[in-house]
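# Results of the structural survey
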Amino acid sequence: MKIAAFKVEEWMNEYEMDAEYNIAETCVESLTVEELLNLADDPELRLEEIKKMQLTYGDIKGSAGFKKGVSSLYQTIEPQNILPSHGAIGANFLLLYSLVEAGDQIVSVFPTYQQLYSIPESFGAEVKKLELQYEDGFLPDLEKLESLLSEQTKLIAINNPNNPSGVVMNKEILEKIVEMARAVDAYILADEVYRGFDLEEEIPSIADLYEKGISVGSMSKIFSLAGLRVGWIAGPEAVIENCQLHRDYITISNPMISDYLSVVALENKEKLLQRNLKKVKKQLEIVDSWVEQENLVEYIKPNGGTTAFIKYNLDLDSETFAKKLFQEKGVLVVPGIAFGRENFIRIGFAGNEEELKTGLALLKEFLREQV
């Protein structure tokens, strides 16, 4: 089996640890274990419970507390419709590994997280890309989507809110996509790792809108807990059972401590998400003000998630741009070519606030030096 290099992950692997100012990070600034436990009513009791854990495999299919907590993030999804994974990256792989076969037809939005199209291609599926255009606000052309579908379409892959643009497909758009999927009896896989930050309106889950809708989520992005490496699949029971069949070959269980700490976060999700949403809104306005003052850049302002896809007006390819910025200013961004787009860079704006401000100031200097 051959698979394309995972461009954004290769880029982060190469540069992330040496960056002075990382404004490429996509997670909300991570919590410490102490900060997480302090959200609970009795932090000391929680710590003592962790100390007394016997480090076995634990609940193979995820603890009851975890599945109950995740199901509370949906309107119609019950605990039996939840399957934990090694992060959302593990959930996407497991889902595609379980459903997609050679010869299947897949439609994926593009640009998006590369898993959604490169993994099906590696299995021998025919992948048709629905190009999201800057001129359309990075929203899907629904007529074009309908033209890409056929009775052979197995699955439609979307990412909502979108990575890299931070643009949200609202309920009206999602319902139209559901109608098209239902007409050809296709699954919809929605990578929803940034869902939960409702900057303009509530973002519904595809799993609540469609009987063959499958949602992938994570503790990493909006919950600030990437180090736990916990994600999940939410979907029809038949899909969950199929994924468990394949999961037995790649995962026995999630780590007990990661499951436990995820439950603490989910039990206190209102406090945690309120903290994180406040931060995201504040720091998005920092980015928005910066973009407004820069003649060499423009963007579609994100209305969800933690990333922005910034278009620049320089005669410089995006990889050269990002490397020069890193070498000369110590600032890390992701080149647009990692998402198949030139003259763009992706930034993440939900990390450390001072690091964001400094990184943007240095990016401003860099832009002026290129003219």
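In what follows, the accompanying structure is described.

Turning our attention to the packing of helix α11 (residues 256-267) against helix α12 (residues 269-293). Between α11 and α12, the least distance of the axes is 5 Å, while the angle of their chain directions is 80 degrees. With respect to α12, the axis of α11 lies roughly perpendicular. Residue-level contacts link A265, L266 and E267 of α11 to K269, E270 and L272 of α12. Residues of the contact of α11 with α12, tallied by class, amount to three nonpolar, no polar and three charged.

Moving on, we come to the pattern of salt bridges. According to the stated counting rule, one finds 19 salt bridges in the structure shown. Between K269 and E270 there is a salt bridge; the shortest N-O distance is 3.6 Å. On the basis of relative accessibility, which here comes to 53%, the residue E270 falls in the exposed class. Of the charged contacts in the structure, one is a salt bridge between K282 and E353, with a shortest N-O distance of 3.2 Å. One end of the pair, K282, is in helix α12; the other, E353, is in helix α14 (residues 353-370), and 71 residues separate them in sequence. Where salt bridges share partners, they join K282, E353, E354 and K357 into one cluster.

One can find R346 in strand β13 (residues 344-348). Of the polar contacts made by the side chain of R346, one reaches the backbone oxygen of A24; its length is 3.2 Å. With sequence-adjacent residues up to four places away left out, R346 is seen in contact with V8, I23, A24, T26, N163, P164, T307, A308, F309, V333, V334 and F339.

As summarised here, the arrangement of the four strands in space is β9-β10-β13-β12, forming an open sheet in which the pairing is antiparallel. Edge positions in the sheet fall to β9 (297-299) and β12 (334-335), since each has one partner strand and no second. Taken together, the two bridges between β12 and β13 define a ladder with antiparallel strand orientation. Directly across from V334, in β13, lies its bridge partner R346.

Moving on, we come to the packing of α12 against α14. Where α12 meets α14, the closest approach of the two axes is 11 Å, and the angle between their N-to-C directions is 15 degrees. Comparing their axes, α14 and α12 come out roughly parallel. Crossing angle aside, the handedness with which α12 passes α14 is right-handed. Along the contact surface, α12 presents K279, K282, Q283, I286, V287, W290 and Q293, while α14 presents E353, L356, K357, L360, L363, K364, L367 and R368. Tallied by class, the residues present in the contact of α12 with α14 amount to seven nonpolar, two polar and six charged.

Within this structure, the stated rule accounts for 16 aromatic pairs. Ring plane angle 65 degrees and centroid distance 4.9 Å describe the contact between Y15 and F326, whose orientation is recorded as edge-to-face. One end of the pair, Y15, is in helix α1 (residues 7-15); the other, F326, is in helix α13 (residues 318-329), with 311 residues separating them in the sequence. The pair Y15 / F326 is uniform in exposure class, with both members buried. Cluster of aromatic residues (ring-pair linked, three or more members): Y134, F138, F309, F339 and F344. The cationic tip of R195 hangs over the ring face of Y74; the distance from NZ or CZ to the ring centre is 5.2 Å.

In this section: the layout of surface pockets. As a volume, the largest pocket reaches approximately 640 Å³. Around the largest pocket sit 32 residues that line it, and E25, T26, C27, K221 and A226 are the ones nearest its centre. Of all the secondary-structure elements, those providing two or more residues to the lining of the largest pocket are α1 and α5 (87-99). Considered class by class, the residues forming the lining of the largest pocket number eleven nonpolar, twelve polar and nine charged. Looking at the second largest pocket, its volume works out to about 470 Å³. Lining the second largest pocket are 26 residues; nearest its centre among them are L73, R195, G196, D198 and I203. Of all elements in the fold, only α9 (206-209), β7 (213-218) and α12 reach the threshold of two or more residues within the lining of the second largest pocket. Each residue belonging to the lining of the second largest pocket can be placed in one class, and the counts come to twelve nonpolar, eight polar and six charged.

Rules behind the numbers
Residues numbered from 1 in each chain as written. Predicted model: local features only at pLDDT ≥ 70, side-chain atom pairs only at ≥ 80, totals over all residues. Heavy atoms only, no water. Axes fitted to C-alpha atoms, helices over the stretch in contact; angles between N-to-C directions. Helix = DSSP H or I, 4+ residues; strand = E, 2+ residues; numbered from the N terminus. Parallel < 35°, antiparallel > 145°, perpendicular 65-115°, else oblique. Contact = heavy atoms within 4.5 Å. Nonpolar A, V, L, I, M, F, W, Y, C, P; charged D, E, K, R; others polar. Salt bridge = Lys/Arg side-chain N within 4 Å of Asp/Glu carboxyl O. Buried < 20%, exposed > 50% of the residue type's maximum accessible area, 1.4 Å probe, protein only. Polar contact = N/O pair within 3.5 Å; in protein donor to acceptor, adjacent residues only side chain to side chain. Pairing = 2+ DSSP bridges. Left-handed = near helix turned anticlockwise from the far one by under 90°. Phe/Tyr/Trp six-rings, centres within 6.5 Å; stacked < 30°, edge-to-face > 60°. Lys NZ or Arg CZ within 6 Å of the ring centre and 35° of its normal. 1 Å grid on protein atoms, 1.4 Å probe; cavity = no way out; pocket = protein on both sides within 12 Å on 5 of 7 lines; lining within 4 Å. Points joined across faces, edges and corners; volume = space filled by probe spheres on them.

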